[in-house]
Amino acid sequence: MHNRSRRDFLRDLLIGSAALASGIHLRGDDKPEKGKDRKLGVALLGLGKYSSGQLGPALRETTKCYLSGVITGHPEKGEQWAATYNLNKKNIYSYDNMEQIAHNPDIDIVYVVTPPALHPEFVIRAAKAGKHVISEKPMATSVEDCDRMIAACKKAKVKLAIGYRLHYDLYHKEMMRLAKEQDFGPFLKMTGDRGFIFGQRAWRIDKKLAGGGPMMDLGIYIVHGACMAANGVAPVSVTAHEEPKTKPELFNEVEETLRWTMDFPNGAKCDAVTSFAHSSDQFRIEGAKGWMEFKQHAFTYRGIVAETSRGPLNFPAINQQAAHMDDFADCILTGRETPVGGELGRRDIQIITAIYEAARTGKPVKVKA
Ligand code: NAD
């Protein structure tokens, strides 16, 4: 090695080791950033529709984190993403070698965006590699798996969040405010309908991968929204029944349409339906002194149309995914708890498990505390 380049090499090595020792993070672009001002690196795991259509683009708008890598089962997708997002090629991993992220300081957070039954395995592996994790909803397909995910993150001393983006949406924040401050009194009557027409064989109707049908994929939004409207309180019992299937050949493993009722400790009731046989996205909550209604796109990323008994609401549409990821990065940088942690994901799986049991037995089922 030439003398000068050897000197440069040694200098770089020293700077690098000193930076690591002092907690300074060297990003792919070699800009040292420190402490609370640095941007955290996110690696998306699972590069399907939600990652491509929403999370990747959202990470161009985030201010506290950025897309630094990907973990994928398809090397060609990794190449494509590297080109689109100008990723350092060393930050592209496969499911087989993802343990190596443990040695990559460019990656602080792994965001798991696969079919639900795979969330536990990937969340646990990311946590063991010392990375903070976001798991998409539904958190898992069983309460036991949620417990394993929570325990693994606790053991590794990393944070765990669920992809509950609506906590950052301004209309849903207004719903949470109304629930807390009780402008209209407690919301005692709630109704929800969330569905889309699904007509192909895919993981969303594969019981092993999805854990169920529309209830796991869409009904979860009403379950979660009703708990928000109940000021964070979970129902105590549920009843449910499955509607007759219109396409029994397709929905031979999971429900096609499910109706259910949730009873809350204060007497509030939520009547809801979820379906892969009709399109709908509505939610209404009523108190003694007023109501709020999400008339369109209640639980979707954009286009929410909502009003209260006082009149139409007109909040700016924000990028929910960007707000969610930025808040998680801020939680990590400041040591704050995330408002959308693993316990919330676990609570919802517990409620959904009770709803499935009620549908199976035809009897009311108590939701475990
Ligand atoms: P998708 O089918 O488009 O993508 C799934 C990804 O997982 C693909 O990259 C696929 O290659 C990968 N994968 C790995 N192992 C797989 C396997 N055994 N079978 C099938 N795919 C496998 O799905 P999506 O719509 O991107 O959904 C992914 C996750 O994101 C799900 O948990 C879903 O519930 C969630 N999601 C959340 C929202 C939201 O608004 N929060 C919206 C859409 C999807």
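Here goes a summary of the coordinates provided. What you see as residue numbers is a count from 1 along each chain, following the sequence as written. Selection of residues for local features in this predicted model requires a pLDDT of at least 70, selection of side-chain atom pairs for listing and counting requires 80 or more, and totals for whole chains, interfaces and linings are taken over all residues. Side-chain calculation: all heavy atoms of the structure are included, whereas hydrogens and water are not.

**So, the pairing of strand β4 (residues 65–72)**
What counts here: Partly exposed describes any residue whose relative accessible area lies between the buried limit of under 20% and the exposed limit of over 50%, with all areas from a 1.4 Å probe on protein chains only and scaled to the type maximum. Secondary structure elements follow DSSP: runs of H or I of four or more residues count as helices, runs of E of two or more count as strands, with numbering from the N terminus. Two strands form a pair only when DSSP identifies at least two bridges running between them. For a crossover, the right-handed case is the one in which the path from the first strand over the helix to the second runs clockwise, viewed with the strands pointing away from the viewer.
Counting buried positions over the eight residues of β4 gives eight, a clear majority of the element. The pairing of strand β3 (residues 40–45) with β4 spans six bridges and is classified as parallel. Paired with A43 across the bridge in β4 is G69. In this sheet, strand β5 (residues 92–94) lies alongside β4 in parallel orientation, the contact comprising three bridges. What sits directly across from V70, in β5, is I92. Following the backbone out of β4, through helix α3 (residues 75–85) and into the adjacent parallel β5, one traces a crossover that is right-handed.

**What to know about the sheet that holds β4**
Quick note on the threshold: Axis definition: a line fitted to C-alpha atoms, over the contacting stretch in the case of helices. Angles run 0 to 180 degrees between N-to-C directions. Contact criterion: two residues are considered in contact whenever any of their non-hydrogen atoms come within 4.5 Å of each other.
Within the open sheet, the six strands sit side by side as β5-β4-β3-β6-β7-β8. Their pairing is parallel. Looking at strand neighbours, the two that pair on one side only are β5 and β8 (160–162), the edges of this open sheet. Neighbour-to-neighbour, the strand axes of this sheet turn through a mean angle of 25 degrees, independent of strand direction. The pairing of β3 with strand β6 (residues 109–112) spans four bridges and is classified as parallel. If you follow L44 over to β6, its bridge partner there is Y111. Running at roughly 165 degrees to strand β7 (residues 132–135), helix α4 (residues 119–128) makes contact with β3, β6, β7 and β8 of the sheet.

**Re the site of the ligand**
To keep things clear, this is the line we draw: Near is defined per residue: the residue qualifies when any heavy atom it owns lies within 4 Å of the molecule or strand. Here a polar contact is recorded for every N or O atom pair within 3.5 Å, except that within protein the pair must consist of a potential hydrogen donor and a potential acceptor, and residues adjacent in sequence are included only if both atoms are side-chain atoms. Only the protein chains shown count as cover for residues, and all accessible areas are computed by the Shrake-Rupley method using a 1.4 Å probe.
Around the ligand lies a shell of 24 residues, among which K49, Y50, K137, R165 and W203 are the nearest. Here an oxygen atom of the ligand and a side-chain polar atom of K77 are 3.3 Å apart. Here an oxygen atom of the ligand and a side-chain polar atom of R165 are 2.7 Å apart. Within the complex, 81% of the 830 Å² of free accessible area of the ligand lies under protein. Contributing elements (two or more residues each) for the shell around the ligand: α2 (49–58) and α8 (214–229).

**With respect to the environment of Q200**
Within the secondary structure, Q200 is located in the loop between β9 (189–195) and α7 (207–210). When the C-alpha atoms of Q200 and F251 are compared, they prove to be 9.8 Å apart, with 51 residues separating the residues in sequence. Once you skip the residues sitting within four places of it in the chain, Q200 turns out to touch I205 and L250.

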